[in-house]
Amino acid sequence: MNTYDIVNMYYNFIFNSGLQSFRRVYENYENVEILREWLSQYHITLSFISYVFRENYDILLRAKGFEKYDTAFKTNYQQDYESFIEQERKKYQVLFLSKNQPLSQMINIDEYQDEHIRTFVIDDIVEDDLSLDGPYTHFLTALYQIDKWPGVLVFKGDCASFTPVTTKEDIDRIFAKIKTDQIFTQQLEHPDECYFIQLSDLHLGTKQTDQGSHVLNESLDELYHCLPHDHQMKFLITGDLMNSPNRKNMYQASSFMNRLKSRYQGDVTFVLGNHDMIVHGLNIFKRQKTKVVAYLLGENIKVLYDIKVIIVKIDSTSQGNLARGKVGERLLLEIEEELLSIRNLQDYTLIVMMHHHILPLRKDEFLKTKWNEKLFVGKIADSTKALVDADNVLKWVDRHQIKYIFHGHKHVPCIVKNNRTYIMAGGSSCGGETKENKSRYLSYNLLKYDIKEKRFKYCFIFYDDITKQERHRVKVSLFKED
């Protein structure tokens, strides 16, 4: 457990009080010891942490809360907990976030503590990926600006603010605004930032995924209100909008995309998946299939003039067999011809969208691995779903200096780097086969694009448990410049 986990656990425990927060702290005795040691660094003594030891831990855990424990053992844990929360919610909460070097080397933390301000510092350096289990709402405010760290997160009640810092003078200005209650009045603009959301493998039209779509809508609503809107939100859907291509599911897919456009003023781009094309798993040209193709077919490229990005839409389904995809030389030549028609093509960033995966993927450690996935036969079965001409597509991408590929198909959210190209695999955004014990996760990817630098800064993979048995999870991957 790193300092990010500890701080996040503390914020949830104090400001997001509830049974899940209690479970998070007391789910194992190691958490109690870690939190107690961390609090002691800031001279914080709490009875419900400081006086929990091996001999009384199991009893408290079985009590599933302070009330029953207090009644049985005549303690005041519940009262102390509520009293501390009440005091802390009146204070400004400040968190220093380091980047290349620890911020504690720049400042004396005690200088910024008083009865109205609670200050913590995280000196851990984020090298590659960062994962958080149940990220606290205001912690996410800072995470969305992780590419601008070091910085200072300030929150109180429902208000939160993140400010990048480079000098002690920057920090002093932040605290001057805190002391005059001006810290939340500033409206920061983000003219060079644009956000992309990758959705994939929704499989709309089943009872399971219809339930998942409601959870997805709630999650997107929450996300949208946390992000700046200087530019239109871009949605990329990498195939399998429907579980099977019939009229009812087509209307449902259309309604879903219209919601993205109207509710978030979003720009929506999609490619076909094998479930959008194939009826009952057989690649037979039926009338029903013809209707779906006619409804979904579009251009091979899409130009986003406002941010100077070109989306290359590669159809990996029409030449494939069953779940295995194929692109073919002809389509790649057609795309090249279309690209040549774009004036000042060198001024644009090219990204690729397709459905089938082109490289092996790996699940996050917390996810359940099926028994057959561990066996040789499982690997053989998985190869039948891969792209037939993956090597050729990768060479084509490299030849055109395309640095970003988005795909779906496997229901495994994952980020892989192949030479100079980042490959974003989308999971199932309405909850497919991504499981952990009894939980079932939907997932989607959030990416920040820097218009000025013409590159993506990071990718967040969001996991939401449809069954509500587990906490929301987020994995952050920073993109490094070549």
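The shown structure was predicted, so the numbers you read here are calculated from the model rather than taken from an experiment.

Take helix H16 (residues 390-399) next. Along an α-helix, residues three or four positions apart point the same way, because every turn accommodates 3.6 residues. Turning to H16, its buried residues are Ala390, Val393, Leu394, Trp396 and Val397. Buried residues of H16, viewed axially, fall in a sector of 160 degrees; they line one side. Residues of H16 that are exposed and angled more than 90 degrees away from the buried face: Asp391, Lys395 and Arg399. Looking at the packing, one finds that the buried side of H16 touches strand S10 (309-313), helix H14 (329-340), strand S11 (349-353), strand S12 (404-411), strand S13 (414-418) and strand S14 (421-427). Directly beyond the C-terminal end of H16, a positive phi value near 55 degrees is found at Gln401.

Looking along a regular strand, one sees side chains alternate from face to face of the sheet. Taken across its eleven residues, strand S17 (residues 455-465) has eleven buried, putting it largely inside the fold. Sheet analysis places S17 next to strand S18 (residues 473-478), joined by six bridges and oriented antiparallel. When the sheet's bridge partners are listed, Phe462 is paired in S18 with Val474.

This brings us to the pattern of salt bridges. Enumeration over the complete set of coordinates arrives at 21 salt bridges. Residue Glu193 pairs with Lys448 through a salt bridge whose shortest N-O separation is 3.4 Å. Of this pair, Glu193 sits in strand S6 (residues 193-199) while Lys448 is found in strand S16 (residues 439-450), placing the two residues 255 residues apart along the sequence. Assigned by exposure class, Glu193 and Lys448 land together as buried. The partner of Asp398 in a salt bridge is Arg420, and the shortest N-O contact between them spans 3.2 Å. On the criterion of sequence distance, the pair formed by Asp398 in helix H16 and Arg420 in the loop between S13 and S14 is long-range, its members being 22 residues apart. Taken together, the salt bridges that share partners define one network made up of Asp147, Lys148, Glu193, Lys448, Asp450, Glu453, Arg455 and Lys457.

Next up on the list: the sheet that holds strand S1 (residues 92-97). Spatial strand order, S2-S1-S4-S5: four strands in an open sheet with mixed pairing. What marks the edges here is a single partner per strand, and that holds for strand S2 (117-122) and strand S5 (159-164). Across the sheet, the mean angle from the axis of one strand to that of its neighbour is 15 degrees, orientation sign disregarded. Here strand S4 (residues 151-156) runs beside S5; their pairing, made up of six bridges, is antiparallel. For Phe155, the partnering residue across the bridge sits in S5 and is Ala160.

Taking 1.5 Å of rise per residue, the twelve residues of helix H7 (residues 77-88) would be expected to cover 16 Å, and the 16 Å separating its terminal C-alpha atoms lies within 8% of that figure. Looking at H7, one finds that the buried residues are Tyr77, Tyr81, Phe84, Ile85 and Glu88. Across the axial projection of H7, the buried residues extend over an arc of 100 degrees, all falling on one side. Projecting away from the buried face of H7 at angles above 90 degrees are the exposed residues Gln79 and Glu86.

Calculation criteria
- Residues numbered from 1 in each chain as written.
- Predicted model: local features only at pLDDT ≥ 70, side-chain atom pairs only at ≥ 80, totals over all residues.
- Heavy atoms only, no water.
- Buried < 20%, exposed > 50% of the residue type's maximum accessible area, 1.4 Å probe, protein only.
- Helix = DSSP H or I, 4+ residues; strand = E, 2+ residues; numbered from the N terminus.
- Arc of directions from axis to C-beta.
- Contact = heavy atoms within 4.5 Å.
- Pairing = 2+ DSSP bridges.
- Salt bridge = Lys/Arg side-chain N within 4 Å of Asp/Glu carboxyl O.
- Axes fitted to C-alpha atoms, helices over the stretch in contact; angles between N-to-C directions.
- Expected span 1.5 Å × (residues − 1).

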